[in-house]
Amino acid sequence: MTQSTPSTPSFSPPQDEGCVKVTYKGKTSKLPVLSGSTGNNVIDIRNLQNDLDLFTFDPGLGTTASCESKITFIDGDKGILLYRGYPIAQLAEHSTFPEIAFLLLYGNLPTRHEYNEFVNRLEEKSLLHEQIRNFFNGFRRDAHPMSILCGTVAGLSAFYPEGTDTSNEESRDVSAVHLIAKIPTIAAWAYKYSRGEPFVYPRADYSYSENFLNMLFARPDAPYKVNPIFSRALDRILILHADHEQNASTSTVRLTGSTGAHPFACIAAGIAALWGPAHGGANEAVLKMLRSIGSKENIPEFIAKVKDKNSDVRLMGFGHRVYKNFDPRASIMKRTCDEVLAELGEHDPLLELAMELEKYALQDDYFVQRKLYPNVDFYSGIIFKALGIPENMFTALFAVARTVGWVSQWKEAFNDPLRRIYRPRQLYTGPEERDLKGAKHN
Ligand code: SDX
């Protein structure tokens, strides 16, 4: 089947907006200021070392543009998130996850024909080689799903060598589709394996989200009917988690890709980075935090611990390196949470507690002064729990969604004329050269 994948947009050099002069020890370097289509301008510091023998210092890279990209734009002060220019609220309301995957991968929303062809490609690639089932047996039943996801994705290269060729756009597109199609199957099978239940295969008559729910919850002895409210909620959750500019895991994927490593290795590296509680692991950490608080009467005591610098307690699901206003995804997650719980006819005491906690924090100077607001993870755990997804699968679900962003950003890097291996420098504060002779004690 010929793929009508639209060409990836070519890179236009950023516009030059003048320059910044840096003078040091009597020498001056003129550093160009570059502007993109919107957002912050950047100082191009590539000549700084040649001109002044200086590096820049930016631990955590919070004010460093590591690349040029056309995929996702965030304005942290205004709480804006755009995928290829479209506001996240509109996409979450009116699009499907495969549509967003196409948009992030190829730059435009698909025509009806392109959409059907893309969905067929995903369905064709959603099965795993039968021998991959053996990977799971190598893990303990209580292995964290993220460890299985990380190990199995890296191992895909042994079964799909065609996906390891990064030499041309066509082969990179093949591996991108392989990964987007297979990641939900691997995640669902990791869950089934942990429960000792038989694996459920993807079905051609189910959508991406329906398949994921069915592979998680269907059993041979009990028919599973996908609730359309749940599959729609899951589709929206996947859309919200699909991409997010140069976050820690995406930067990991780009860095790994810059060495020429094949895409399965790059995505396995992204999964490993996402696993951390400061990043994608926060959704699981929020539920543990809510359970440890227990009731709204304990909120003041908990918040006092958070504000106590001697404790390393953080209000999980709050704060963000970029958003210094509401994370636009958090409000959509909260609304989706209300829909799912209404469908279940349930009220979850953890949701009530989360809302009380949010209200309390947003009135507290500590959080207001530091511009700490709920982020995408604050409510997501409560929805996942309502959908019947176990806590240790929350970050795996995040990884299923973010695989689309990771492969889109990984592919984009190959079309960047400035592409080169990541190799940051450092401010060295260790011992200067010294002679071993005087130091040895034996
Ligand atoms: C994600 O980058 C992305 O885009 C990530 C993500 C994506 O889609 O890819 O959006 C997904 O990872 C969301 C974030 C999920 N993590 C959490 O919810 C964990 C809790 N949040 C924090 O750990 C923290 O807010 C971070 C890690 C998210 C951001 O950390 P920063 O930008 O490095 O902030 P910081 O540590 O420099 O904090 C600045 C101040 C500090 O206080 P002071 O030293 O100024 O007194 O704010 C405080 C921090 O102690 N602070 C918090 C806090 N977050 C920051 N205090 C209490 N609770 C918090 N959650």
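Predicted model only: the values in this text are computed from it and were never measured.

Q: So what about the overall build of the protein chain? Which residues, and what values?
A: Tallying secondary structure elements over the protein chain gives 18 helices and six strands in all. A compact globule built from 442 residues should have a C-alpha radius of gyration of about 22 Å, and the protein chain, at 23 Å, falls within 12% of that. Taken over the C-alpha atoms alone, the protein chain extends approximately 80 × 60 × 60 Å along its principal axes. Buried positions account for 49% of the 442 residues belonging to the protein chain.

Q: Give me the lowdown on the site of the ligand, citing residues and values where you can.
A: Around the ligand, the surrounding shell holds 24 residues, and the nearest of these are His244, His320, Arg321, Arg329 and Arg402. Contacts to the ligand include Arg314, whose side-chain N or O atom sits 2.9 Å from an oxygen atom. The protein chains hide 76% of the 1,000 Å² of surface that the ligand would expose on its own.

Q: Can you lay out the domain arrangement of the protein chain for me, pointing to particular residues and giving the numbers?
A: What the domain assignment reports for the protein chain is domain 1 (15–65) and domain 2 (85–422). One C-alpha centre belongs to domain 1, the other to domain 2; they are set 35 Å apart.

Q: I'd like to hear about the state of the cysteines, residue by residue, with values.
A: Evaluated as defined, the whole model comprises zero disulfides. There is no disulfide at Cys67, and the cysteine sulfur nearest it, in Cys266, is 14 Å away. Assessed through its relative accessible area of 24%, Cys67 is described here as partly exposed. For the unlinked cysteine Cys266, the closest cysteine sulfur is that of Cys150, found at 12 Å.

Q: For the UniProt feature "active site" (unreviewed entry) in the protein chain, give the residues involved together with the corresponding values.
A: In the UniProt entry, the feature "active site" (unreviewed entry) is given for His320 and Asp377. Taken along the chain, the residues just named run across 58 residues; in space they keep tight, none of their C-alpha pairs more than 10.5 Å apart. Secondary-structure assignment places His320 in the loop between α13 (299–307) and α14 (328–344). For His320, the residues in contact, after removing those within four places along its chain, are His244, Arg329 and Asn375. From its side chain, His320 meets the backbone nitrogen of Val322 in a polar contact 2.9 Å long. Mapping Asp377 onto the fold places it in helix α17 (residues 377–386). Contact partners of Asp377, with chain neighbours within four places excluded, come to His279, Ala282, Asn283, Val286, Gly317 and Phe398.

Q: Can you explain the sheet that holds strand β5 (residues 80–83)? Please cite residues and give values.
A: Strand order in this open sheet of three strands is β4-β5-β6, and the pairing throughout is antiparallel. A single partner strand is all that each edge strand has here, and the edge strands are β4 (72–75) and β6 (86–87). Here two bridges tie β5 to β6, and the two strands are oriented antiparallel to one another. Bridge assignment links Tyr83 to a residue of β6, and that residue is Tyr86.

Q: Talk me through the pairing of β4; I want residue IDs and the actual numbers.
A: Of the pairings in the sheet, the one linking β4 to β5 comprises four bridges and is antiparallel in character. Its bridge partner lying in β5, Thr72 is registered against Tyr83. Connecting the antiparallel pair β4 and β5 is a turn made up of four residues, with Gly79 showing a positive phi of about 65 degrees.

Q: Kindly report on the nonpolar core, identifying the contributing residues and their values.
A: Ranked by size, the top nonpolar core spans 117 residues in total, and within it Tyr83, Ile271, Leu290, Leu315 and Leu357 carry the most contacts. Per-element accounting of this core gives the leading share, 13 residues, to helix α7 (residues 169–195).

Q: How would you summarise the packing of aromatic side chains if you had to cite specific residues and measurements?
A: Inspection of every chain in the model, using the stated rule, returns 19 aromatic pairs. One aromatic cluster is present, formed by Phe136, Trp189, Tyr193, Phe199 and Tyr201 through successive ring pairs. It is Arg133 that lies over the ring of Trp189; its NZ or CZ is 5.9 Å from the centre. Positioned above the aromatic ring of Tyr379 is the side chain of Lys334, whose terminal nitrogen or guanidinium carbon lies 5.9 Å from the ring centre.

Q: Residue-level account of the layout of surface pockets, with values.
A: If you add up the space inside the second largest pocket, you get close to 380 Å³. Contributing to the lining of the second largest pocket are 23 residues, with Pro98, Tyr206, Ser207, Tyr208 and Ser209 lying nearest its centre. Elements represented by at least two residues in the lining of the second largest pocket include exactly α4 (112–124), α7, α8 (208–217) and α9 (228–240). For the lining of the second largest pocket, a count of residues per class yields eleven nonpolar, eight polar and four charged.

Q: Residue-level account of the confidence of the model for the protein chain, with values.
A: Averaged over all residues, the pLDDT of the protein chain is 93; the fraction at 70 or higher stands at 97%. A low-confidence stretch, residues 1–10 (pLDDT under 50), is modelled with 21 contacts involving residues beyond four sequence positions or located in other chains.

Q: How would you summarise the packing of helix α11 (residues 263–274) against helix α18 (residues 394–414) if you had to cite specific residues and measurements?
A: Running from N to C, α11 and α18 cross one another at 135 degrees; their axes reach a closest spacing of 10 Å. Relative to α18, α11 is oriented oblique. Both α11 and α18 take part in a crossing whose hand is right-handed. Contacts from Pro263, Cys266, Ile267, Gly270, Ile271 and Leu274 in α11 reach Thr395, Phe398, Ala399, Thr403, Trp406, Val407 and Trp410 in α18. Looking at side-chain class alone, the contact of α11 with α18 contains ten nonpolar, three polar and no charged residues.

Thresholds applied
Residues numbered from 1 in each chain as written. Predicted model: local features only at pLDDT ≥ 70, side-chain atom pairs only at ≥ 80, totals over all residues. Heavy atoms only, no water. Helix = DSSP H or I, 4+ residues; strand = E, 2+ residues; numbered from the N terminus. Rg over C-alpha atoms; globule rule 2.2 N^0.38 Å. Buried < 20%, exposed > 50% of the residue type's maximum accessible area, 1.4 Å probe, protein only. Near = heavy atom within 4 Å. Polar contact = N/O pair within 3.5 Å; in protein donor to acceptor, adjacent residues only side chain to side chain. Areas by Shrake-Rupley, 256 points an atom, 1.4 Å probe, with all protein chains shown as cover. Domains from an automatic or database assignment. Disulfide = S-S within 2.5 Å. UniProt positions renumbered as here; feature names shortened; annotations may be inferred. Contact = heavy atoms within 4.5 Å. Pairing = 2+ DSSP bridges. Core = buried A, V, L, I, M, F, W, Y, C linked by side-chain atoms within 4.5 Å. Phe/Tyr/Trp six-rings, centres within 6.5 Å; stacked < 30°, edge-to-face > 60°. Lys NZ or Arg CZ within 6 Å of the ring centre and 35° of its normal. 1 Å grid on protein atoms, 1.4 Å probe; cavity = no way out; pocket = protein on both sides within 12 Å on 5 of 7 lines; lining within 4 Å. Points joined across faces, edges and corners; volume = space filled by probe spheres on them. Nonpolar A, V, L, I, M, F, W, Y, C, P; charged D, E, K, R; others polar. pLDDT = per-residue confidence, 0-100. Axes fitted to C-alpha atoms, helices over the stretch in contact; angles between N-to-C directions. Parallel < 35°, antiparallel > 145°, perpendicular 65-115°, else oblique. Left-handed = near helix turned anticlockwise from the far one by under 90°.

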